[in-house]
Amino acid sequence: MSARLEAEHLYKVFGRKPDQAVERLREGTDREELRADGITAAVIDASFTVEPGEIFVVMGLSGSGKSTLLRMLNGLLEPTAGHVRFGGQDLTELGDRGLREVRSRKISMVFQHFALFPHRSVRDNAAYGLEVQGVPRAERVRRADEALALCGLAGWEKSWPDELSGGMQQRVGLARALATDADLLLMDESFSALDPLIRRDMQDQLLELQKTLKKTIVFITHDLNEAMRLGDRIAVMRDGRIVQIGSAQDILLRPANDYVASFTQDVDRSRVLTAGAVMDTATRGDEADCDCETATPGTPFTELCAISARVPHAVAVLDGERLVGVVPRQRLIGFLGDEQTGPGTCDTRRDKGGEKVMARA
Ligand SMILES: Nc1ncnc2c1ncn2[C@@H]1O[C@H](COP(=O)(O)OP(=O)(O)OP(=O)(O)O)[C@@H](O)[C@H]1O
Ligand SMILES: [Mg+2]
């Protein structure tokens, strides 16, 4: 059974007198000031909780502190301040031996460039973590083969790594992590080196696997589209700090600041938004009283547009029997805007004949 992961006021400072630097950060000194003194504040006051079965994505530009944060979560790096708890156990209080034990049994990491052992078969590569744990050979083989099958590599067990494509090699990396039965999966840019199509494929596979495995997953990426596809929740990092934590829709519709908003500009909104996020809960018209097509809060945006084009009035959003909101057609157009989102833009665009544009679409 998976467990909850908690990060509490985590700091990581590289350089001289790190404790003192944390004090200064707490007192409001900014990162640049420390930098001038040759000190890098890689992670500043990061707190969050990841529930069992959740995919928590950490997103941010290069150098924002993602990998440093991840390495503190499995104890590879000791936090300068703060706590990491997994399944109630405080990793920051464990000694080296205890940490190694937790790392080999409960936590698995999948990196961007997954290094396979060239002279080991795919099976033995997938079984590597189990070998480290001292699991007997027969059980190792069984569990490795199971994990390989989960990752779509049944039939490749006896192959050599160089017979596999890059995408398949990355799957072996995932299989190795899954074979150990670790409850916590830490994935650092695990799919970033893959071609776009294969990358999408891996994302789908991970989502599919997660439906049954329900691990606790922290996934790092600098790609917002990937973050939005995978993340139940997303933490956006900037210069060592988490500036927002929220669902894909939160981040898109309610960015905490201009920085987050600028990130979301290129996101394909229609793939992220659902009826529940764009509906109007205040007004209720006669749309509920006819036999027209309706939507549910989970109806994807593109489908909602299609329904809207077929019905003569606003689309009713029903949760079971209950009317929970309506989506007037002009509202849909506002949400596709790139410069601003929300009902404000709807009104302006309706004046410009947005309603007609939508009807033709
Ligand atoms: N061992 C270290 N010693 C000194 N500084 C470090 C060390 N590790 C990381 N840093 C610094 O900490 C900051 C955060 O680095 P980190 O690798 O966590 O960023 P990242 O978000 O993972 O970036 P990328 O997307 O490029 O992988 C950077 O300024 C980096 O130079
Ligand atoms: Mg990194």
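Residues numbered from 1 in each chain as written. Chains lettered and ligands numbered in written order. Predicted model: local features only at pLDDT ≥ 70, side-chain atom pairs only at ≥ 80, totals over all residues. Heavy atoms only, no water.

Participant: Just give me the short version of the overall build of the protein, but keep the residues and values in it.
Facilitator: Within the protein, the regular secondary structure consists of 18 helices and twelve strands. Based on the C-alpha atoms only, the size of the protein along its principal axes is roughly 65 × 55 × 35 Å. Buried residues in the protein amount to 50% of all 361 residues. Only carbon and sulfur atoms are counted for the fraction: they give 48% of the accessible area of the protein, which is about 17,300 Å². Taken as two groups, the 47 positive and 55 negative side-chain charges of the protein have centres that lie 3 Å from each other. (Helix = DSSP H or I, 4+ residues; strand = E, 2+ residues; numbered from the N terminus. Buried < 20%, exposed > 50% of the residue type's maximum accessible area, 1.4 Å probe, protein only. Areas by Shrake-Rupley, 256 points an atom, 1.4 Å probe, with all protein chains shown as cover. Lys, Arg positive; Asp, Glu negative; His and termini not counted. Charge placed at Lys NZ, Arg CZ, Asp CG, Glu CD.)

Participant: Go over the sheet that holds strand β9 (residues 233-238), please, and point to the residues and values.
Facilitator: Ordered by their spatial adjacency, six strands build an open sheet running β6-β7-β8-β3-β9-β10, and the pairing between neighbours is mixed. Strands at the two margins of the open sheet, each flanked by one partner only, are β6 (107-110) and β10 (241-246). When the angles between neighbouring strand axes are averaged without regard to direction, this sheet yields 20 degrees. Inspection of the sheet shows strand β3 (residues 55-60) paired to β9 by five bridges, in the parallel sense. Directly across from Val57, in β9, lies its bridge partner Ile234. Against the sheet, helix α3 (residues 66-73) engages β3, β6, β7 (184-188), β8 (216-221) and β9, with an angle of about 160 degrees to β8. Contacting β6 and β7, helix α8 (residues 166-179) crosses the sheet at an angle of about 175 degrees to β6. (Pairing = 2+ DSSP bridges. Axes fitted to C-alpha atoms, helices over the stretch in contact; angles between N-to-C directions. Contact = heavy atoms within 4.5 Å.)

Participant: Residue-level account of the site of ligand 1, with values.
Facilitator: Close to ligand 1 lie Phe14, Thr40, Ala42, Leu61, Ser62, Gly63, Ser64, Gly65, Lys66, Ser67 and Thr68, which account for all nearby residues. Within the backbone of Gly65, one N or O atom sits 3.0 Å away from an oxygen atom of ligand 1. Here Ser67 contributes a side-chain N or O atom positioned 2.8 Å from an oxygen atom of ligand 1. Across the complex, the protein chains shield 60% of the 640 Å² of accessible surface that ligand 1 would expose by itself. Looking at the shell around ligand 1, the elements that each hand over two or more residues are β2 (40-50) and α3. Tallying contributions element by element places α3 first for the shell around ligand 1, with three residues. Looking at the shell around ligand 1 residue by residue, the class counts come to three nonpolar, seven polar and one charged. (Near = heavy atom within 4 Å. Polar contact = N/O pair within 3.5 Å; in protein donor to acceptor, adjacent residues only side chain to side chain. Nonpolar A, V, L, I, M, F, W, Y, C, P; charged D, E, K, R; others polar.)

Participant: Quick rundown of the pairing of strand β4 (residues 81-86)? Include the residues and the values.
Facilitator: Relative to β4, strand β1 (residues 5-14) runs antiparallel, the two being bridged by five bridges. Bridge assignment links Ala7 to a residue of β4, and that residue is Val84. Pairing between β4 and strand β5 (residues 89-90): two bridges, direction antiparallel. Bridging from a neighbouring strand, Phe86 pairs with Gln89 of β5.

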